[in-house]
Amino acid sequence: MDKNSLALFCDAHFHLLPSEEALQGLPFLLGRAVTAAHSPQEFLAQEARVQALEKTDCQVKPGNDSPRERTSELFPCHNAAKRQNDKSSAPGNDKGERNLLQSFGLHPQAPFLDERDFALRLEFLEGLLQEKRIAAIGECGYDFFTPEFSAKRAAQEKAFAAQLDLAARHKVPVIVHARKAMQEIFAAAGALKEVPAVVFHSFAGSPADARSLLSKGINAYFSFGKPIVNGAKKAINCVRALQIERLLFETDAPYQTLKGEKATSPAEIADVYQAAFELRTAGIPYEARPSFVDFCGAIEKNFSRAFLC
C-alpha cells in the first residue's frame, strides 16, 4: 500500500465512548465513521467528545504500543487542514465533509423502561433532529435473539415504528439492528421505503434477502464487520455477491468480538476492509483486479450516499 494513499476507511457503525473505555484510552484509527448513542446522557457526553476530536489536526495519534500503528500510518486524515479551516464542517451542520458523524436511537434490546421514559427519549430524539445534531437514527429495530429480548416485542414494535416515522419526516437515514427478525423487517418494508436510506447494521440475511429488500423500493445498504473474518457464511456470501454500490463495513467497536477477545478496536476496520477486498477479488487474475485504494474509494462513496454527507 502506498503510504501516501488518500484512501479512507469508513466505519458505518461503532460506539465511541464505550470503545475509549474498553481500550483504556489507547489510540485508535478513525477515517470516517458513525458513532451511536442510546441514552440522552450518553449522547451528550459523546457529542462533547466528538467536538473535541473534530478540533484536532488528526484523529489518528498512534502510540508506540498501539497494535494498529502500521495501519494508522497508512491512512492519515488527509483533509484535516481543510476541515480545520472550514466552519461549515462543524458537528451539527449539514454542509461540508465531516469525519465523525453521530446517531441516536432507541435500541431494541432496551427500547424504553416505561411510557414516560419512551416519551422523554422520543422527545430528545426529535430535538436532535430539529437541531440537526445527528446524521442518522439508530440503532433501531428488532432483537429476538434471547427470550428476554423477545419478551419486549411490543415495546420494540412501538419504538421502531416511531423512529421510522421521525426518519421519514426529517429525511434522515436509519441504522437498523435486526437479529432473528427478518420477517418483521419485511413486514416493515412500506415504512422503510419512506426513509431516505436504510443501513442494515451487521446484516444477518442472505444475498436473496438483501435483493428482495431492494426490490421493494428500500434504499438499502448492507454493512458487515468482523464475522466475515471469522467465516460467517451468510455475511461472506453477501460481500461476494451483492453489488458493490450496496456494501458498507463496520466494527461495532468495542463489541462484536471474536473468540478470546475482550474488545474490538475501531482500528480493526482495516482488517474488515482487507477481508472484504480479498472476498471480492478471489479468483480474479491479479492484473485484472481493482486496486485496494479504488475499493476503499467505492465504499467511501457508498458511505456518503447512505449518510447524506
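The structure this text deals with has already been given above.
First, a word on scope: everything that follows refers to the structure included in this document. Please read these numbers as outputs of a predicted model, since none were measured by experiment. (Residues numbered from 1 in each chain as written. Predicted model: local features only at pLDDT ≥ 70, side-chain atom pairs only at ≥ 80, totals over all residues. Heavy atoms only, no water.)

### Concerning the overall build of the protein chain
Now for step 1: Helix and strand counts for the protein chain come out as 13 helices and 8 strands.
Now for step 2: Classification of the 309 residues of the protein chain by burial places 52% in the buried group.
Now for step 3: In the form shown here, the protein chain has an accessible surface area of approximately 14,100 Å², with 51% of it arising from carbon and sulfur atoms. (Helix = DSSP H or I, 4+ residues; strand = E, 2+ residues; numbered from the N terminus. Buried < 20%, exposed > 50% of the residue type's maximum accessible area, 1.4 Å probe, protein only. Areas by Shrake-Rupley, 256 points an atom, 1.4 Å probe, with all protein chains shown as cover.)

### Describing the packing of aromatic side chains
Now for step 1: For the coordinates displayed, the defined rule picks out 19 aromatic pairs.
Now for step 2: Judged by centre distance (4.7 Å) and plane angle (50°), the rings of Phe112 and Phe118 are tilted.
Now for step 3: Each ring, one from Phe203 and one from Phe224, has its centre 6.4 Å from the other, and the planes form 85°; the classification is edge-to-face. Remark: Phe224 occurs in strand S7 (residues 220-224) and Phe203 occurs in the loop between strand S6 (198-200) and helix H10 (207-215); sequence separation between them is 21 residues. (Phe/Tyr/Trp six-rings, centres within 6.5 Å; stacked < 30°, edge-to-face > 60°.)

### Thoughts on the pairing of strand S4 (residues 136-143)
Side-chain positions along a regular strand alternate between the two faces of the sheet.
Now for step 1: Counting buried residues in S4 gives 8 out of 8 residues, a clear majority hidden from the surface.
Now for step 2: The pairing of strand S3 (residues 100-104) with S4 spans 2 bridges and is classified as parallel. Looking at S4, one finds that Phe104 is bridged to Ile137.
Now for step 3: The pairing of S4 with strand S5 (residues 174-179) spans 6 bridges and is parallel. Counterpart to Ile137 in the pairing with S5 is Val174. (Pairing = 2+ DSSP bridges.)

### Structural notes on the side chain of Thr35
Now for step 1: With respect to the helices, strands and loops of the structure, Thr35 is situated in strand S2 (residues 32-37).
Now for step 2: Polar side-chain contacts of Thr35 include one of 2.9 Å to the backbone nitrogen of Leu16.
Now for step 3: Among all residues touching Thr35, those that are not within four sequence positions of it are Phe14, His15, Leu16, Gln46, Val50, Leu100, Leu101, Gln102 and Ser103. (Polar contact = N/O pair within 3.5 Å; in protein donor to acceptor, adjacent residues only side chain to side chain. Contact = heavy atoms within 4.5 Å.)

### Comments concerning the layout of surface pockets
Now for step 1: Here the largest pocket defines a volume of roughly 710 Å³.
Now for step 2: Considering the residues around the largest pocket, the lining is formed by 28 residues, among which His177, Ala178, Arg179, Ser202 and Ala204 are closest to the centre.
Now for step 3: When contributions to the lining of the largest pocket are tallied by element, the ones reaching two or more residues are S5 and helix H11 (233-241).
Now for step 4: It is S5 that provides the largest number of residues to the lining of the largest pocket, a total of 3 residues.
Now for step 5: Considering only residue class, the lining of the largest pocket consists of 12 nonpolar, 9 polar and 7 charged. (1 Å grid on protein atoms, 1.4 Å probe; cavity = no way out; pocket = protein on both sides within 12 Å on 5 of 7 lines; lining within 4 Å. Points joined across faces, edges and corners; volume = space filled by probe spheres on them. Nonpolar A, V, L, I, M, F, W, Y, C, P; charged D, E, K, R; others polar.)

### Some thoughts on H10
Now for step 1: When we look at burial in H10, the residues that qualify are Pro207, Ala210 and Leu213. The arc that holds every buried residue of H10, seen down its axis, measures 125°, which confines them to one face. Exposed residues pointing more than 90 degrees away from the buried face of H10 are listed as Ala208 and Ser215.
Now for step 2: Contacts from the buried residues of H10 go to helix H8 (182-187), S6, S7 and H11.
Now for step 3: In the stretch just after H10, Gly217 is the one whose phi turns positive, near 90°. (Arc of directions from axis to C-beta.)

### Quick notes on the packing of helix H5 (residues 115-130) against helix H7 (residues 153-170)
Now for step 1: Axis separation between H5 and H7 bottoms out at 11 Å; the angle between their running directions is 20°. Classified by the angle between their axes, H5 and H7 sit roughly parallel to one another. Viewed along their axes, H5 and H7 form a crossing whose handedness is right-handed. Where H5 approaches H7, its residues Glu115, Phe118, Leu122, Leu125, Glu126, Leu129 and Gln130 are matched on the opposing element by Lys158, Ala159, Ala162, Gln163, Leu166, Arg169 and His170.
Now for step 2: When its residues are assigned to classes, the contact of H5 with H7 shows 7 nonpolar, 3 polar and 4 charged. (Axes fitted to C-alpha atoms, helices over the stretch in contact; angles between N-to-C directions. Parallel < 35°, antiparallel > 145°, perpendicular 65-115°, else oblique. Left-handed = near helix turned anticlockwise from the far one by under 90°.)

### Re unusual backbone geometry
Now for step 1: Geometrically, the link from Gly138 to Glu139 is a cis peptide bond, its omega value of 5° lying close to zero.
Now for step 2: Inspection of the secondary structure assignment puts Glu139 in strand S4.
Now for step 3: Look at the link from Ala253 to Pro254: it is a cis peptide, with omega at 5°.
Now for step 4: By the element assignment, Pro254 lies in the loop between strand S8 (247-249) and helix H12 (269-281).

### Here's the deal with the state of the cysteines
Now for step 1: Under the definition given, this model contains 0 disulfides.
Now for step 2: The thiol of Cys309 is not disulfide-bonded; the next cysteine sulfur, from Cys10, is found 8.0 Å away.
Now for step 3: Of the residues examined, Cys309 reaches a relative accessible area of 28% and is grouped as partly exposed. (Disulfide = S-S within 2.5 Å.)

### Quick notes on the packing of H11 against H12
Describing two packed helices takes the angle between their axes plus the distance from one axis to the other.
Now for step 1: Contact pair H11 / H12: the axes reach a minimum separation of 8 Å and the direction vectors enclose 65°. For the pair H11 and H12, the crossing hand works out as right-handed. Across from Ile236, Val239 and Arg240 in H11, the residues of H12 making contact are Ala276, Leu279 and Arg280.
Now for step 2: The residue inventory of the contact of H11 with H12, partitioned by class, reads 4 nonpolar, no polar and 2 charged.

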